[in-house]
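Here's the letter readout for the chains.
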Amino acid sequence: MTERVDTTETTAPEVAPFQPSEEWIDAFTKQCTEAMRLDLREYAKRRARGVGRAGGHVDDGYVDDLVADALADTLFGVVAWDHAAKPLYQHAEDTIRYRTRHDRKRAVRYQHKRIDAPSCAAEKQATYGLVEASLRQDHGDETTETAIFASEVFAQVRELAAGDTDVLAYLDALAVGTYARADIMETTNMSPRAFRNARDRLGRLIEQLDQEVVATARQPRGVRA
Amino acid sequence: MSTKKTNPSPDDILDEVSHHAAQAAVARRKSTSQEREWSRSLGVKLDARLAELRRNLTPADPAPEAAKPIRPSTLAMARDAVLAGIAKLISSLEGEVEPGFAYRNHKRLSDDDLRRLYDLLDPTARE
């Protein structure tokens with residue numbers, strides 16, 4: 001059956017072309033430095049690895065585009081930046097974060113679409129274990145795969161952090177929804193320095209995890225666990 | 001300001017872990033010359049768009065006005081009389097006439113162009 005294409009013309013309301021104020025342009029010009037773009041690229045590179053871990057195709061071009069698109073889309077008004085509310089870096093980082101999260105979810109959702117995949121709900125249910133069934137109940141059918149994947153990765157990070165009490169406390173804080181630096185420090189009783197060190201070690205653990213995933217992906221099929 | 005989230009989903013937690021790990025990587029970033037070159041190149045493209053946005057802020061040129069008809073009395077004047085009239089007007093209006101008019105090579109203007117210039121400079125009321 002061919003898909004029906006709706007050819008009905010819709011009259012979208014006329015939108016005025018994006019034209020920011022002189023102050024907005026000045027703020028963008030001043031803040032969009034080479035160092036800021038490089039910081040964003042580093043951030044995007046790390047976030048992109050998460051997309052790759054979920055089965056998405058990522059390369060240097062994907063990383064470059066994440067940064068270039070976040071900034072260009074701001075200049076074209078596709079994403080709105082209130083220069084009085086937050087710095088440009090924060091805005092672009094938020095944009096990259098949102099887009100990589102979306103790409104990761106999409107990668108998880110489509111990586112297992114095999115020809116012999118269970119088609120009906122009951123068949124799908126039969127393939128889930130107890131943990132998966134519980135996640136399914138908690139977060140609904142649509143996000144089950146994403147939730148399972150996320151739980152697995154989180155468990156792997158915790159496993160890698162075994163013995164590092166500060167990183168484990170950091171992860172525990174994140175797991176209960178404590179996200180701000182000050183809140184994490186308060187919950188975990190960490191000094192600013194201990195927080196920075198723990199965050200650095202967490203970053204390295206994630207890097208280690210990414211490298212393991214890449215190494216596994218490079219192994220011949222028969223050797224993979 | 002507290003940003004605690006109640007009952008975060010596994011995906012929320014993973015996203016937050018990844019975000020914090022990425023921020024840690026930014027804090028210890030070391031860029032390669034290739035990355036710096038990429039950043040400069042992106043900067044050039046963004047500057048072009050910023051220049052376009054700045055240009056759009058300047059008011060558009062006013063629409064050209066149709067020239068007013070030449071006064072009949074001026075139309076009746078011969079070229080030499082118009083040239084003499086213009087010279088007289090420019091000297092009498094010294095300092096008030098735009099240099100574009102005052103130092104124009106009038107010899108290269110057509111008769112009607114000279115008449116229009118004369119009308120433009122002549123402060124007397126139009127007929």
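Being a predicted model, the structure only gives us computed values, none of them experimental.

Undergrad: I'd love a proper account of the overall build of chain A, names of residues and values included.
TA: The helix and strand tally for chain A stands at ten helices and zero strands. Going residue by residue from the N terminus, the α and β elements of chain A occur as α-α-α-α-α-α-α-α-α-α. The buried share of chain A, reckoned over its 225 residues, is 31%. Intrachain contacts of chain A at a sequence separation of at least 6 include 61% that bridge at least 24 residues.

Undergrad: Report on the interface of chain B and chain A, specifying residues and quantitative values.
TA: Counting from both sides, the interface comprises 39 residues of chain B and, opposite them, 46 residues of chain A. Sorting the residues of the side of chain B that touches chain A by element identifies α1 (10-27) and α2 (33-57) of chain B as the ones contributing at least two each. Looking at the side of chain B that touches chain A, the element that brings in the most residues is α1(B), giving 15 residues. Among the residues making up the side of chain B that touches chain A, the classes are represented as 16 nonpolar, eleven polar and twelve charged.

Undergrad: Can you explain unusual backbone geometry? Please cite residues and give values.
TA: Unlike most non-glycine residues, A:N189 shows phi in positive territory, near 60 degrees. Relative to the helices and strands, A:N189 is located in the loop between α9 (181-188) and α10 (192-218). Overall, the presence of 9 C-beta atoms within 10 Å leaves A:N189 in the exposed class. Residue B:N7 is not a glycine yet carries a positive backbone phi of 50 degrees. One can find B:N7 in the segment before α1. Here B:N7 falls in the exposed class, since 8 other C-beta atoms lie within 10 Å of it.

Rules of the game
- Residues numbered from 1 in each chain as written.
- Chains lettered and ligands numbered in written order.
- Predicted model: local features only at pLDDT ≥ 70, side-chain atom pairs only at ≥ 80, totals over all residues.
- Helix = DSSP H or I, 4+ residues; strand = E, 2+ residues; numbered from the N terminus.
- Buried ≥ 20, exposed ≤ 12 C-beta atoms within 10 Å, placed from the backbone.
- Contact = placed C-beta atoms within 7 Å.
- Nonpolar A, V, L, I, M, F, W, Y, C, P; charged D, E, K, R; others polar.

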